[in-house]
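Letter by letter, the chains look like this.
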Amino acid sequence: MPLLKRLLAWFQPDTSRPLTQAWLAALWMGLAANWPLWKQLQTLPGVGIGFTLAFAGMVVAATGAVLSLLAWPRLIKGVLLVLLLSAGALAYFIGSYGIVFDPTMVVNMLQTDARETRDLLSWKLLASLLLLGALPAWWLLRRPKAPAQATAKRLRDNLAAFALGLVAMVLLALSVFATLSSTMRNHKSIRYLVTPLNAVYSVSMVGVRSLSGPKGPPVVIGADARLLPRAEGAKPPLLMLVVGETARSMNFSLNGYGRPTNPELAKLPVVSLKDVTSCGTATAASLPCMFAPQGRAGFDADKPQQNLLDVLQRAGLAVLWLDNQSGCKGLCDRVPNSPTSKLPEGAAPLPAGLCHKDELDGDECFDESLLHELDKRIAALDPERVKRGVVLVMHQMGSHGPAYFKRSPDDLKPFLPECKSNQLQDCERQQVVNGYDNTLVTTDRLLARSIAWLQAQSSRFDTGMLYVSDHGESLGENGLFLHGMPYAIAPAEQTHVPMILWVPEGGALAASLKPGCLQGLRDKPASHDNLFHTTMGWVGARADVYKPEWDLFAGCRNDVAKP
């Protein structure tokens, strides 16, 4: 009888104890909330049920070990409440879109606005939060108060449980070591799918970087910024930089895509570069990097510094950032900037149909609103700077998903039927592609009309346009949707982006280039690294951070201006 009682006690643990609660939560999150991980493992070659069971045991043991250190009466329930709800949300997003949760994704999430968050909400997300997070949390909160226990004994028990978890994890890893090492080496994304340990690690890393990062204003770069002398009677430059969103190069017909996604640009003398790579796979990573002089290899997001806009403004140019998205990620804080919804004084209202109220009663506008009353926006800038030249940055909503159908107006939907849901995995893949391609046709019209506006300014300015997207997008290839994969393992769909140049004949830049050299750039490799230096070279700005070898036009110029 005593043995039977002990066995029954083992299967009926005292759930009022913090340590018991920690391990029961580890078992639930490790097994149930990681269903996308177990599903993914079963698709990998050479991975059988035995390895999956061992890996599941490792996840539970590791999670239990970590939670054992937090198993204190006044702490554990609050910690588990947060982790359970997080696990429910992560299970949905990982299972639905194939995303991973790494430090870059945490930063991207923190910088997401209400409009972008709304596009990700769904009944399935609510169901996952309820079943995997809220229900076990409700059960947990109903557990009775923990029995009194000496602090020293509780500490010993917690440390023993921690050690037991580590030992169990190591033994299980050794039992499948060969398969484990090859799987983790060949499929690096697996490590980012382990819920909620991936969230704990990623949030901790972002917190540590934030606390340990340098304080104070951003580091000054290009302190010696200046403008090169212009020829007598030469017009000041007006360069439009269009920063695209989530556009991938392979879906641009200018780059060989089989569908006519660039019908208007195809009629214009533009140069589309076919082999361009991004700084990152998410806006929060790419945007600061592409406006920095160091390039992707040398850029350090943890060391705040000034950027291209600061250098151009210091050189004496008028700089304006217009935003139709979730903000400039700090890039435009020190230069004139405005959202599309904020119009300059005396401007006409935005035309009917260009904007609409979203579900949160906020204004959501199509990208064409970026062109509304541009003349008045330019007129509102410092006139002395405008005489020297203008750099106008337009930040698109572009092809931001998953609600692609919202990014194109009704008169620009040549590809039907399109997916009318943010649940991309529930739509036929062709419908997802249709909705996405419609957004590219919308961008095509924006760029064509931008060029038309620039042509109308040619009597006053030496005009030009450079378009480049911040990152690409997965549309269901290999089960992946959206973007944000760690760069080292990201597919080409997320890192190969379009870059389009419009250099008008008769302009100062075109006159300075060797015949045919501009067209020769089409097939040459390029990247976001080139943006900073190409822009400076285009508008005739120089500073110690300017690298002519990274200026796309430097090799084409008849007489390269010296820094």
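In short, a report on the structure. (Residues numbered from 1 in each chain as written. Predicted model: local features only at pLDDT ≥ 70, side-chain atom pairs only at ≥ 80, totals over all residues. Heavy atoms only, no water.)

### Section: the overall build of the chain
Working step 1: Counting its secondary structure elements, the chain contains 19 helices and 15 strands.
Working step 2: With respect to the three principal axes, the spread of C-alpha positions in the chain is 105 × 50 × 50 Å.
Working step 3: Of all intrachain contacts in the chain linking residues separated by at least 6 positions in sequence, the fraction that spans at least 24 positions is 78%.
Working step 4: With the model as given, the accessible surface of the chain reaches about 25000 Å², and the carbon-plus-sulfur share is 62%.
Working step 5: Once the 54 positive and 47 negative side-chain charges of the chain are each reduced to a mean point, those two points are 10 Å apart. (Helix = DSSP H or I, 4+ residues; strand = E, 2+ residues; numbered from the N terminus. Contact = heavy atoms within 4.5 Å. Areas by Shrake-Rupley, 256 points an atom, 1.4 Å probe, with all protein chains shown as cover. Lys, Arg positive; Asp, Glu negative; His and termini not counted. Charge placed at Lys NZ, Arg CZ, Asp CG, Glu CD.)

### Side note on the packing of aromatic side chains
Working step 1: All chains considered together, the criterion is met by nine aromatic pairs.
Working step 2: When the centroid spacing of 5.8 Å and the interplanar angle of 55 degrees are considered together, the rings of Phe291 and Trp321 count as tilted. Residue Phe291 is located in the loop between helix H12 (283-290) and helix H13 (308-314), and its partner Trp321 is located in strand S5 (residues 318-323); the two are separated by 30 residues in the primary sequence.
Working step 3: For the ring pair Tyr404 and Tyr436, a centre distance of 5.5 Å and an interplane angle of 85 degrees mean the geometry is edge-to-face. Here Tyr404 is found in the loop between strand S9 (390-395) and helix H16 (429-456), whereas its partner Tyr436 is found in helix H16, with 32 residues between them in sequence.
Working step 4: Among the residues examined, Tyr404 registers a relative accessible area of 2% and is labelled buried.
Working step 5: Classification of Tyr436 by relative accessible area gives buried; the value is 0%. (Phe/Tyr/Trp six-rings, centres within 6.5 Å; stacked < 30°, edge-to-face > 60°. Buried < 20%, exposed > 50% of the residue type's maximum accessible area, 1.4 Å probe, protein only.)

### Brief notes about the side chain of Lys413
Working step 1: Summarising the element assignment, Lys413 is placed in the loop between S9 and H16.
Working step 2: Only 2.7 Å separates the side chain of Lys413 from the side chain of Ser408, close enough to count as a polar contact.
Working step 3: Setting aside its immediate chain neighbours within four residues, Lys413 contacts Phe405, Ser408, Glu418, Lys420 and Asn438. (Polar contact = N/O pair within 3.5 Å; in protein donor to acceptor, adjacent residues only side chain to side chain.)

### As for the sheet that holds strand S2 (residues 237-244)
Working step 1: Within the open sheet, the seven strands sit side by side as S3-S13-S10-S2-S9-S5-S6. Their pairing is mixed. A single partner strand is all that each edge strand has here, and the edge strands are strand S3 (271-273) and strand S6 (337-339). Going from strand to strand, the sheet's axes swing by 15 degrees on average, the running direction of each strand aside.
Working step 2: With six bridges joining them, S2 and S9 adopt parallel strand pairing. Paired with Met240 across the strands is Leu392, a residue of S9.
Working step 3: H16 rests against S2, S9, strand S10 (462-469) and strand S13 (499-502) of the sheet, and its axis sits at about 165 degrees to S10. (Pairing = 2+ DSSP bridges. Axes fitted to C-alpha atoms, helices over the stretch in contact; angles between N-to-C directions.)

### Some remarks on the nonpolar core
Nonpolar side chains in soluble globular proteins tend to be buried together.
Working step 1: Core analysis: the largest hydrophobic core is formed by 75 residues, its most contacted members being Leu37, Leu41, Phe55, Met240 and Met465.
Working step 2: Considering each element in turn, this core owes the most residues, nine residues, to H16. (Core = buried A, V, L, I, M, F, W, Y, C linked by side-chain atoms within 4.5 Å.)

### Points about unusual backbone geometry
Working step 1: Following Thr195, the chain continues to Pro196 via a peptide bond in cis, the omega torsion being 0 degrees.
Working step 2: In this fold, Pro196 is placed in the loop between helix H10 (177-186) and helix H11 (197-212).
Working step 3: Omega for the bond connecting Gly401 with Pro402 falls within 30 degrees of zero, at 5 degrees, which places this linkage in the cis form.
Working step 4: Following the sequence through the fold, Pro402 ends up in the loop between S9 and H16.
Working step 5: A positive phi angle is found at Thr246, which is not glycine, with a value near 65 degrees.
Working step 6: Position of Thr246 among the secondary structure elements: in the loop between S2 and S3.
Working step 7: The class of Thr246 is buried, set by a relative accessible area of 0%.
Working step 8: Unlike most non-glycine residues, Asn478 shows phi in positive territory, near 55 degrees.
Working step 9: Relative to the helices and strands, Asn478 resides in the loop between strand S11 (474-475) and strand S12 (481-482).

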